[in-house]
Amino acid sequence: MLEVAESYSTGELVRRAQAGDRESFGQLCERFQSTVMAVALGRVRNLAEAEEVCQEVFIRAMLRLEQLREAEAFAGWLRAIAVRVAIN
């Protein structure tokens, strides 16, 4: 299944995750982990804190994924969450 999930677009993974597919959400986390970490490190400038921010970002994204109306906007939406979490 992992090989198949890697071939999905971000939008398709988001739609599948919104429908309850946990593997798709896991794939999104893997795909965007470095992006979220880069945002977090740029804000907090501490590796341990950045890792905590990263974890919190993905928890918030998972809990609020159904609120995302345009699946293709996931990357920007996730970055916005990362910035807010890092600031707080």
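Note that the structure is predicted; figures quoted are calculated from it, not measured.

Owing to its 3.6 residues per turn, the α-helix aligns residues three or four sequence positions apart on the same side. Those residues of helix H2 (residues 10–18) that fall on the buried side of the exposure criterion are Gly11, Leu13, Val14 and Ala17. The buried residues of H2 occupy an angular sector of 160° when the element is viewed end-on, so they sit on one face.

Taken as a whole and judged by the stated rule, the model has four salt bridges. The residue Glu72 makes a salt bridge to Arg15 at a minimum N-O spacing of 2.9 Å. With Glu72 in the loop between helix H4 (47–64) and helix H5 (74–87) and Arg15 in helix H2, this pair connects stretches of sequence that are 57 residues apart. A residue is classified by how much of its surface remains accessible, and Glu72, at 56% relative accessible area, is exposed. Residue Arg16 is joined to Asp21 by a salt bridge in which the shortest nitrogen-to-oxygen separation is 3.4 Å. Taking relative accessible area as the criterion, Arg16 reaches 24% and is therefore assigned partly exposed. Residues participating in the shared-partner salt-bridge network are Glu12, Arg15 and Glu72.

A word on H5. Between its terminal C-alpha atoms H5 stretches 20 Å, which fits the 20 Å expected from 14 residues at 1.5 Å a residue. Within H5 the residues assigned to the buried category are Phe74, Trp77, Leu78, Ile81, Ala82, Val85 and Ala86. Mapping the buried residues of H5 onto a view down its axis gives an arc of 165°, with all of them on the same face. On its buried face, H5 sits against H2, helix H3 (22–44) and H4.

On the surface, Ile59, Met62 and Leu63 cluster together into a nonpolar patch covering about 280 Å² of accessible area. With respect to the helices and strands, Met62 occurs in helix H4. Note on Met62: relative accessible area 41%, which makes it partly exposed.

This part covers the nonpolar core. If you look at the biggest cluster of nonpolar residues, it comprises 28 residues, and the most contacted ones within it are Leu28, Val57, Leu65, Phe74 and Leu78. Here this core gets nine residues from one element, more than from any other, and that element is H3. Leave out the neighbours within four places in its chain, and Val57 touches Val36, Leu78, Ile81, Ala82 and Val85.

Note on aromatic pairs: each is described by the distance of the centres and the angle between the planes. In the structure shown here, the tally under the stated rule is two aromatic pairs. In this structure an aromatic cluster arises from ring pairing among Phe32, Phe74 and Trp77.

Before going further, it helps to examine the state of the cysteines. Applying the stated rule across the entire model yields zero disulfides. Cysteine Cys29 is unpaired, with the sulfur of Cys54 as its nearest cysteine sulfur at 8.4 Å. The buried category is assigned to Cys29, whose relative accessible area is 18%. Taking the relative accessible area as the measure of exposure, Cys54 reaches 5% and is therefore buried.

Parameters and conventions
- Residues numbered from 1 in each chain as written.
- Predicted model: local features only at pLDDT ≥ 70, side-chain atom pairs only at ≥ 80, totals over all residues.
- Heavy atoms only, no water.
- Buried < 20%, exposed > 50% of the residue type's maximum accessible area, 1.4 Å probe, protein only.
- Helix = DSSP H or I, 4+ residues; strand = E, 2+ residues; numbered from the N terminus.
- Arc of directions from axis to C-beta.
- Salt bridge = Lys/Arg side-chain N within 4 Å of Asp/Glu carboxyl O.
- Expected span 1.5 Å × (residues − 1).
- Contact = heavy atoms within 4.5 Å.
- Patch = residues over 30% accessible without salt bridge, like charges linked within 9 Å, V, L, I, M, F, W, Y side chains within 5 Å.
- Areas by Shrake-Rupley, 256 points an atom, 1.4 Å probe, with all protein chains shown as cover.
- Core = buried A, V, L, I, M, F, W, Y, C linked by side-chain atoms within 4.5 Å.
- Phe/Tyr/Trp six-rings, centres within 6.5 Å; stacked < 30°, edge-to-face > 60°.
- Disulfide = S-S within 2.5 Å.

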